[in-house]
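Coordinate analysis (summary)
Each chain, written out:
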Amino acid sequence: QVHLVESGGGFVQAGGSLRLSCAASGRTFRSYAMGWFRQGPGKEREFVGVISKLSSTTYYADSVKGRFTISRENAKNTVILQMNSLKPEDTAVYYCAASDAGLAPRVSSGYDYWGQGTQVTVSS
C-alpha cells in the first residue's frame, strides 16, 4: 500500500511557475514509477508526465513538454512536478499516482494508487 499526498497547488498568473510535490508513505517508494495526471473543468483526466523507478526515463504529454519537469527523491519518498510558463489551459486538479507495474505508464489504468489532488489555477 502507498498513500500519496499532493501539495503546492494554488493560483498563478499566466507565464508564472508552480512546484507541486507528492509525498508517499511506505518504504517501497523506489519500487514505483510515479506519474502526474490532471483533470480540467469539464474534461477527462489526462496524462501529464511520468518518471520511472530509478529516474532513468521520463515521458511528458506534448502539451507540457519543454515547460514541465518531473523529478524524484527516493530518499525522501517525494516526486516533484515543476511547472513553468504556465498557461490558462493548464488549470486543473493535478494528481500524482504510483504504478508498481515496473514500467512508466502513460495511461491512468496503469496506476495502482492515487493522491487526492491539488488545484492549480492559471489566470490570463
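Here goes a summary of the coordinates provided. Sequence positions are assigned chain by chain, starting from 1 and proceeding in written order. It should be noted that, the model being predicted, local features are given only for residues of pLDDT at least 70 and side-chain atom pairs only at 80 or more, the latter also being counted only at that level, while totals for whole chains, interfaces and linings use all residues. Processing note: side-chain calculations cover all non-hydrogen atoms of the structure and skip hydrogens and water entirely.

What follows concerns the overall build of the chain. By the criteria applied, helices consist of DSSP H or I runs no shorter than four residues and strands consist of E runs no shorter than two, each listed in order from the N terminus. Each helix and strand in the chain was counted, giving zero helices and eleven strands. Listing every helix and strand of the chain by position from the N terminus yields β-β-β-β-β-β-β-β-β-β-β. Restricting the calculation to C-alpha atoms gives the radius of gyration, and the globule rule supplies 2.2 Å times the number of residues raised to the power 0.38. By the compact-globule yardstick of 14 Å for 124 residues, the chain fits well, its C-alpha radius of gyration being 13 Å. C-alpha extents for the chain along the principal axes are approximately 40 × 25 × 25 Å. Out of the 124 residues belonging to the chain, those deemed buried represent 48%. In the structure as shown, the chain presents an accessible area of about 6200 Å², 48% of it carried by carbon and sulfur atoms. Partly exposed describes any residue whose relative accessible area lies between the buried limit of under 20% and the exposed limit of over 50%, with all areas from a 1.4 Å probe on protein chains only and scaled to the type maximum. Computed with a 1.4 Å probe, the accessible areas rest on the Shrake-Rupley method; for each residue, only the protein chains presented here act as cover.

On to unusual backbone geometry, then. With glycine set apart, most residues show a phi of negative sign, and most peptide bonds adopt trans. Although it is not a glycine, Asn77 adopts a positive phi angle of roughly 50°. Within the secondary structure, Asn77 is located in the loop between β7 (68-73) and β8 (78-83). Residue Asn77 is classed as buried on the basis of its relative accessible area, which comes to 18%.

Okay, the pattern of salt bridges next. The rule for a salt bridge is simple: a side-chain nitrogen of Lys or Arg has to be within 4 Å of a carboxyl oxygen of Asp or Glu. For the coordinates displayed, the defined rule picks out five salt bridges. With a shortest N-O distance of 3.1 Å, Lys65 and Asp62 are connected by a salt bridge. One network of salt bridges, with partners in common, ties together Arg38, Glu46, Arg67 and Asp90.

Before going further, it helps to examine the packing of aromatic side chains. Ring pairs shown here join Phe, Tyr and Trp side chains whose ring centres sit within 6.5 Å, with only the six-membered ring taken for Trp; geometry is labelled stacked below 30 degrees between planes, edge-to-face above 60, and tilted in between. In total, this model carries five aromatic pairs according to the counting rule given. For the pair Phe37 and Tyr111, a centre-to-centre distance of 5.2 Å together with 80° between the ring planes defines the contact as edge-to-face. Linking Phe37 in strand β4 (residues 33-39) with Tyr111 in the loop between β9 (92-99) and β10 (113-114), this pair joins segments that are 74 residues apart in sequence. Each member of the pair, Phe37 as well as Tyr111, carries the same accessibility label: buried. Three or more aromatic residues joined by ring pairs make a cluster, and in this case those are Phe37, Phe47, Tyr111 and Trp114.

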